[in-house]
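Working through the structure, step by step
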Amino acid sequence: MTTASHTALALDFPILEQEGLVYLDSAATSQKPRVVLDALEDFLAHHNANVHRGVYPLAIDADTRFSAARAQIAAFVGAEPAETIITKNATEAINLVRYSWGPQNVGAGDAIVLTEAEHHSNIVPWQQLCEEVGAELRWLEVDDEGMISLGQLDEFLADGRVKMVAVTHCSNVLGTINPVEEVVARARAAGAASLIDGSQAVPHMAVNVDAIGADFYVWTGHKAYGPTGIGLLHGRRELLEAMPPFLTGGDMIKTVSFEATTFNELPFKFEAGTPPIAETVALGAAVDFISGLGIDRVRAHEEAITAYALSQLQAIPGLTVQGPPLAQQRGGLVSFTLDCAHPHDVAEILGRDQVCVRAGHHCTQPLMKKLGLGATTRASFAVHNSTDDVDALVGSLGNVIEIFGES
Amino acid sequence: MTTASHTALALDFPILEQEGLVYLDSAATSQKPRVVLDALEDFLAHHNANVHRGVYPLAIDADTRFSAARAQIAAFVGAEPAETIITKNATEAINLVRYSWGPQNVGAGDAIVLTEAEHHSNIVPWQQLCEEVGAELRWLEVDDEGMISLGQLDEFLADGRVKMVAVTHCSNVLGTINPVEEVVARARAAGAASLIDGSQAVPHMAVNVDAIGADFYVWTGHKAYGPTGIGLLHGRRELLEAMPPFLTGGDMIKTVSFEATTFNELPFKFEAGTPPIAETVALGAAVDFISGLGIDRVRAHEEAITAYALSQLQAIPGLTVQGPPLAQQRGGLVSFTLDCAHPHDVAEILGRDQVCVRAGHHCTQPLMKKLGLGATTRASFAVHNSTDDVDALVGSLGNVIEIFGES
Amino acid sequence: MDDALYREEILEHYKRPHNFGPMENPDRESFDTNPLCGDELRVMLKVDDNDVVEEVRFEGHGCAISQASASMISDEIKGMKLDDLARLDRSAILDLLGIDISATRMKCALLSLKVLKSAAIGTLADWEPDTADAARPAGGAQL
Amino acid sequence: MDDALYREEILEHYKRPHNFGPMENPDRESFDTNPLCGDELRVMLKVDDNDVVEEVRFEGHGCAISQASASMISDEIKGMKLDDLARLDRSAILDLLGIDISATRMKCALLSLKVLKSAAIGTLADWEPDTADAARPAGGAQL
Ligand SMILES: Cc1ncc(COP(=O)(O)O)c(C=O)c1O
Ligand SMILES: Cc1ncc(COP(=O)(O)O)c(C=O)c1O
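Here goes a summary of the coordinates provided.

Conventions we followed
- Here the residue numbers are simple positions, counted from 1 along each chain's written sequence.
- A letter from A marks each chain and a number from 1 marks each ligand, given out in the order of writing.
- The predicted nature of this model means local features are confined to residues of pLDDT at least 70 and side-chain atom pairs, given and counted, to a pLDDT of 80 or more, with totals for whole chains, interfaces and linings taken over all residues.
- Only hydrogens and water are set aside when side-chain values are computed; all heavy atoms of the structure are taken into account.
- Ring pairs are drawn from Phe, Tyr and Trp, using the six-membered ring of Trp, whenever the two centres fall within 6.5 Å, and their geometry is named by plane angle: stacked under 30 degrees, edge-to-face over 60, tilted for the rest.
- We count a stretch as a helix when DSSP gives it H or I for four or more residues in a row; a strand needs E for two or more, and each element gets its number in order from the N terminus.
- Per-residue accessibility, obtained with a 1.4 Å probe over protein chains only, is compared with the maximum for each type, and a residue is labelled buried under 20%, exposed over 50%, and partly exposed between these values.
- Here, a charge over a ring means that NZ of Lys or CZ of Arg falls within 6 Å of the ring centre while also lying within 35 degrees of the ring normal.
- Pairs of residues are marked as contacts when any of their non-hydrogen atoms sit within 4.5 Å.
- Directions pointing from the helix axis toward each C-beta atom define the arc.
- We superpose the copies by least squares over the C-alpha atoms of residues that have a pLDDT of at least 70 in both of them.
- Pairing between two strands requires that DSSP report at least two bridges joining them.
- For this analysis, a nonpolar core means a set of buried residues of the types Ala, Val, Leu, Ile, Met, Phe, Trp, Tyr and Cys, connected via side-chain atoms within 4.5 Å.
- Near residues are defined by distance, with any heavy atom within 4 Å of the molecule or strand qualifying the residue.
- Distance and chemistry together define a polar contact, namely a pair of N or O atoms within 3.5 Å, with one atom able to donate a hydrogen and the other to accept it when in protein, and with adjacent residues in sequence counting only for side-chain atoms on both sides.
- Using a 1.4 Å probe, accessible areas were evaluated by the Shrake-Rupley method; residue-level cover was limited to the displayed protein chains.
- Each residue is assigned to one of three groups, with Ala, Val, Leu, Ile, Met, Phe, Trp, Tyr, Cys and Pro labelled nonpolar, Asp, Glu, Lys and Arg labelled charged, and all others, Gly among them, labelled polar.
- Think of a salt bridge as a Lys or Arg side-chain nitrogen and an Asp or Glu carboxyl oxygen that are within 4 Å of each other.
- Helix axes use the C-alpha atoms of the stretch in contact, all axes being lines fitted to C-alpha atoms, and the angles between their N-to-C directions lie in the range 0 to 180 degrees.

**Considering the packing of aromatic side chains**
- Inspection of every chain in the model, using the stated rule, returns 24 aromatic pairs over all chains.
- Geometrically, the ring pair formed by A:Tyr225 and A:Phe289 is edge-to-face, given 5.8 Å between the ring centres and 70 degrees between the ring planes. Of this pair, A:Tyr225 sits in the loop between strand E7 (216-220) and strand E8 (231-235) while A:Phe289 sits in helix H10 (residues 277-293), and the two are 64 residues apart along the sequence.
- According to the relative accessible area criterion, A:Tyr225 is buried, its value standing at 1%.
- When the ring of A:Phe258 is compared with that of B:Trp139, the centres are 4.7 Å apart and the planes differ by 80 degrees; the resulting orientation is edge-to-face. Here the residue A:Phe258 occupies a position in the loop between strand E9 (253-256) and strand E10 (261-263), and B:Trp139 occupies one in strand E4 (residues 136-140), the pair thus bridging two chains.
- Cluster of aromatic residues (ring-pair linked, three or more members): A:Tyr99, A:Phe246, B:Tyr99 and B:Phe246.
- The positively charged end of A:Arg98 is found above the aromatic ring belonging to A:Tyr99, 4.0 Å away from the centroid.

See the structure below:
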């Protein structure tokens, strides 16, 4: 896989058969490789049954595939199956921690540390928790190059009031890869728990949940070549065991009587109702797909495209790139603004050239405020992209400038 | 469609191509018709993008299909799209009400009415809520024929302390179709809210949420020929608007600042994070499939099979059927016990004959206690079943009796 | 390139918006945002004793569609009674723009109308862009 | 029919279980359920001064696999030291049953061992049937 091997991997993605389609919005949701579609089809057409309780062979088959996929997904990020809780998306995973871990561990006068670059999904739950218990948020600033300061983290941690440090692994706007191991270590040393939002990291760079050491690590299937409807929460067993259940109902109980209920073992305690069975199996195929490519090669590929995109974009007059200057400091995405045109208009004109980019606040309104911007345009990369796609982007930006540039 | 046209509709279900497979576990999860698999494939291979914010044509296409599917799903059960909230399953839908509506509307000394035949998903959330706020549960008894008594409901409602009546539309063990319109009307007259669990009703009988009039009506996609990963909560607008959000994060906000958050309009206020996009589109295809057959014909078909199953099963010595005596009082399922063998052993031996039935407590432990049983065996029917499948079940039960019968 | 969405008149209004800037002591004022893209718009009105719009100014930032819409409609409403302003529907804007607007961009196009109407009525108009445009398939929405 | 799971000996133990019924004043006692199927099992032990099992009784209800397992193992443990009982692993049961057990039914097969061991140890043994058997692919689980 080189930066120019566009067609080779693109062939694995049915949607890219669309003539001329340049998909640069994988940070919003990834396209799905054929193997993932096939896994969905295969499961639903040949192995479908509900899990957990079935005695007949088809149900045992479904159960076995579901469990194997969980184990595969867990192994892919260096986590234990029992510590791998299947949710509907990253947002639910964070909310699970907010609701189940939050009230027992954060109280009046306590604090939660976030970065200014968090996605709304890693802001609003904590804001709500703080409001509920009378705690406060402390915002780690991002500097002009999109970096947070461990020094400021130390300051925030110094008074011992911080109970949770929730930080994105990779910013979905700035692209910044945060030093999550250091963040986690400092949080732990100060007696605070940590949650890392890996939504933009997992399919793009080597992630080892165990090595990172966070108390909670979350990510989302649909951005990792998997289907919608599945997210992951990896939690440390001690914490998960001490936490009360969140959603309650079928499958997460041990016994229910007219009077009371006892709860099931991990991970089932946190998985109420029928889980996303087919989605789990399909995400298993997705991580298999990435493993097959080799995550280090994936990272090298996307880093090379990002470097190319940075150099090409920065050469455009009136274009400002947000975030770190170097590709190695970033995930595979670049947000930018053009002096002459609003991001929405940029995306619209690009869209007419079939260059698919996202425009808006990217669910990071506090960051936008900090940057003094209403919105940005974002191009994001995946394994199927090539430098050709960057060239298409740059070419189409020329059309934007042609329309909006003269005044 | 007659009770004997097995092959005609079975052809629509790829999994039924498996030689000899007799699938009688649709109450646990339905098998998926080809059109649903095709809708999944088509969406993911040709129209996939994230929804809500995309400007480029592919994203607008995805958004349009997602919205259209929601409208289609809502229309199928006579609900408004804005009052149709997409969750991950029925269990989350009930939990949403428990968490968002519950604490503001149920307090110390109040009561919640359930039936003894509720699924754990419609028990445990309310148990937890009662524990949290100091309220009590009142259990509507099921009689020997699986029926609840509206008289007892009146008694429960008489003291004005009941704030919620949560009742299943169709019991997943007894099969009983409850008089939900009457239950809702009485609850409303007594100032109590109502929630109807339609998980076993929706794809099997005409359901009109508006006509039923419940404050909340929930169901689940995977039992309605749709994929896993999607459930529905229909709520009355006044209540939904008064309720605080539950899960928080992306897509359900209007504005987020460092200080505070304002929330989006219905239904988005309750849909945090990326929704199950492909699943919604596929469930749209599923309801289309049912509409195409005609829900009244579906009901007639399944009622006829149920009637046949009741007559055949009751003719087996030592076999006891649970629930109402008449097929017209029931959804398309029959639970039973055999004197000579435990339900698990029954299901195991049936499974060896490729007759797929469920054995266990069916997530209704309180009901099992009431019935004085540890478990039952359950056969449940769908559009693809025929009386041949019942004959296969009865034949295989003969094998069970052969093995376990002599002592 | 041929791009009907960005026809000359719209670009002209975007680059040199009419009635743009602050107003001192407005009689009516309203502000709102387009939550999905971060556009912000404030509208200020001066009205005479008969509730007829004498002057209009708007401020904010946004895309060409939202800014041009604001500029174009601002020219139209001078001399209009507040009651009539409050009764305007989406066609007022869409006719002025004279182009096809996708469901996503509809919110951009209609933001100015929403804010204007709420300034006229005195409260934020009953605006349900998401519910109407997104939860319902195209065609069902009315401002 | 040929059904290896329900071979004669297992059916025999199921229909006429050994050591079944109540015990007065047991020295050790433990109770547990199989949450997924509703099976219930209580085990009671009498032990001598050297912690050697003198008598064992069990009560409860369940499927042929769980009841036969309980019956078969109950015959084996008389005369065994509690320490040794506590060290038994799943093979003790599986060897007695002598048949292939699916992952789902494994919980039925092992319930009696779990309850016996917890009676021996005095607390509920660290039992993770779901975690081990269901969250992990086959092969990783140890009692
Ligand atoms: C009556 C009833 N309610 C609720 C549920 C829960 O549905 P889900 O597991 O999809 O949340 C079920 C299915 O198991 C059911 O039968
Ligand atoms: C950094 C980050 N966190 C969280 C999320 C939320 O993911 P999901 O919508 O799948 O819950 C996203 C994606 O939108 C993201 O980019």
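There's more to say after this.
**Quick word on the arrangement of the chains**
- When the five pairs of chains in contact are ranked by number of contacts, first place goes to chains A and B.
- Taking C-alpha atoms as the reference, chain C and chain D come no closer than 37 Å and do not contact one another.

**Structural notes on helix H4 (residues 90-97) of chain D**
Residue and element names in this part refer to chain D.
- Listed in full, the buried residues belonging to H4 are Arg-90, Ile-93 and Leu-97. In a view along the axis of H4, the buried residues occupy a sector of 70 degrees, so they form one face of it.
- Following H4 by one or two positions, Gly-98 has its phi on the positive side, about 65 degrees.

**A word on the relation of the copies chain A and chain B**
- Between chain A and chain B, which share one sequence, the superposing operator has a rotation angle of 180 degrees and an axial displacement of 0.0 Å; the RMSD is 0.0 Å. The transformation just described matches what one would write down for a two-fold rotation axis. Residues of chain A ranked by C-alpha distance from the rotation axis are headed by A:Gly229, positioned 2.6 Å from it.
- Interface residue correspondence from chain A to chain B reaches 100%, placing this contact among same-surface, isologous pairings.

**Looking at the pairing of E8(A)**
All names here are of chain A.
- Buried residues dominate E8, accounting for five of its five residues.
- Of the two faces of E8, both are covered, the one formed by Gly-231, Leu-233 and Gly-235 as well as the one formed by Leu-232 and His-234.
- Here strand E2 (residues 84-87) pairs with E8 via four bridges, running antiparallel. Within E8, the residue paired with Ile-85 across the bridge is Leu-233.

**A look at the nonpolar core**
- Formed by 155 residues in total, the largest nonpolar core has its most connected members in A:Val165, A:Trp219, B:Val165 and B:Trp219.
- In this structure, A:Ala90, A:Val106, A:Leu114 and A:Met243 belong to the second largest nonpolar core, which totals 76 residues.

**Some points on the site of ligand 2**
- Neighbouring ligand 2 are 15 residues, the closest being A:Thr91, A:Asp197, A:Thr220, A:Lys223 and B:Thr274.
- Two or more chains meet at ligand 2, and those chains are chains A and B.
- Note that an oxygen atom of ligand 2 is positioned 3.2 Å from one of the backbone N or O atoms of A:Ala90.
- Protein chains bury 97% of the 390 Å² of accessible surface belonging to ligand 2 in isolation.
- The residue inventory of the shell around ligand 2, partitioned by class, reads one nonpolar, twelve polar and two charged.

**Describing the interface of chain A and chain B**
- With 88 residues of chain A in contact, the opposing surface of chain B contributes 88 residues.
- There are four salt bridges connecting chain A and chain B.
- Here A:Glu92 makes a salt bridge to B:Lys88, at a shortest N to O gap of 2.9 Å.
- Inspection of the region where chain A meets chain B yields 42 residue pairs in polar contact (both at pLDDT 80 or more).
- Per element, the largest residue contribution to the side of chain A that touches chain B is eight residues, and it comes from helix H2 (residues 34-47) of chain A.
- Residues belonging to the side of chain A that touches chain B are distributed by class as follows: 41 nonpolar, 32 polar and 15 charged.

**Considerations on the side chain of A:Lys88**
- Positionally, A:Lys88 belongs in the loop between E2 and helix H4 (90-105).
- Its relative accessible area of 7% is what places A:Lys88 among the buried residues.
- Apart from the residues within four sequence positions on either side, A:Lys88 is in contact with A:Gly229, A:Ile230, A:Gly231, B:Ile86, B:Thr87, B:Lys88, B:Glu92, B:Leu247 and B:Ala272.

**Quick word on the sheet that holds strand E11 (residues 319-321) of chain B**
Residue and element names in this part refer to chain B.
- Read from one edge of the open sheet, four strands run E11-E12-E15-E14, paired in antiparallel fashion. The open sheet terminates on both sides in strands that have one partner only, identified here as E11 and strand E14 (358-360). Neighbouring strand axes in the sheet, compared pairwise and without regard to direction, differ in orientation by 30 degrees on average.

**A short note on the pattern of salt bridges**
- Considering all chains together, one arrives at 60 salt bridges over all chains under this definition.
- Linking B:Arg378 and B:Asp25 is a salt bridge whose minimum nitrogen-to-oxygen distance equals 3.5 Å. Here B:Arg378 is found in strand E15 (residues 376-380), whereas its partner B:Asp25 is found in the loop between strand E1 (22-23) and helix H2 (34-47), with 353 residues between them in sequence. Here the two residues B:Arg378 and B:Asp25 agree in accessibility, since each one is buried.
- With a shortest N-O distance of 3.0 Å, D:Arg105 and B:Asp345 are connected by a salt bridge. With D:Arg105 in helix H5 (residues 103-121) and B:Asp345 in helix H12 (residues 343-352), the pair connects residues from two separate chains. Here D:Arg105 and B:Asp345 have matching classes, each one buried.
- Taken together, the shared-partner salt bridges in this structure form one network comprising A:Glu136, A:Arg138, A:Asp159 and A:Arg161.

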